[in-house]
Amino acid sequence: DLPRLASALTSAFERAGGTMRCGAVESLSVADNLTTAKLADGEHLSADAVVVAAGFASADLLRPLGHKVPLIAERGYHLQ
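Rules of the game
Residues numbered from 1 in each chain as written. Predicted model: local features only at pLDDT ≥ 70, side-chain atom pairs only at ≥ 80, totals over all residues. Heavy atoms only, no water. Pairing = 2+ DSSP bridges. Helix = DSSP H or I, 4+ residues; strand = E, 2+ residues; numbered from the N terminus. Axes fitted to C-alpha atoms, helices over the stretch in contact; angles between N-to-C directions. pLDDT = per-residue confidence, 0-100. Buried < 20%, exposed > 50% of the residue type's maximum accessible area, 1.4 Å probe, protein only.

Chemist: Tell me about the sheet that holds strand 3 (residues 44-47), and name the residues and values.
Modeler: If you walk across this open sheet you meet the three strands as 1-2-3, and the pairing is antiparallel. Single-partner strands in this sheet number two, and they are strand 1 (25-31) and strand 3. On average, each strand axis in the sheet is inclined to that of its neighbour by 20 degrees, with strand direction left out of account. Of the strand pairs in this sheet, strand 2 (residues 34-39) and strand 3 are connected by four bridges, and their pairing is antiparallel. The residue bridging A37 from the neighbouring strand is L45, located in strand 3.

In structure tokens:
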């Protein structure tokens with residue numbers, strides 16, 4: 001039951017003090033142990049921990065940070 005799992009994870013995240021935000025991320029940068037996401041609307045969000053779950057678009061976001069993400073758009077499976 002994926003919707004139930006998503007709801008439970010969201011609730012646990014928020015109880016732990018997290019805040020859910022939605023927006024299109026244009027780029028990521030790292031400085032002083034913080035990762036900053038530049039959003040399409042011009043806003044910048046910074047955090048000491050970030051999860052990138054953008055499917056095959058993850059490669060474009062992480063490449064400037066020196067990470068190689070072996071994903072293709074066909075089915076989202078990683079290549080190893």
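From this point, the discussion proceeds with the structure in view.
Chemist: Which residues make up the confidence of the model for the protein, and what values do they have?
Modeler: Segments scoring low in pLDDT should not have their predicted coordinates read at a detailed level. Confidence in the prediction for the protein averages 88 pLDDT; 92% of positions are at 70 or higher. By mean pLDDT, helix 2 (residues 58-62) is the weakest element of the protein at 92, and strand 2 is the strongest at 96.

Chemist: Outline the environment of C22, listing residues and values.
Modeler: Along the chain, C22 falls in the loop between helix 1 (2-15) and strand 1. We classify C22 as exposed; its relative accessible area is 79%. Separated by 20 residues in sequence, C22 and L2 place their C-alpha atoms 19 Å apart.

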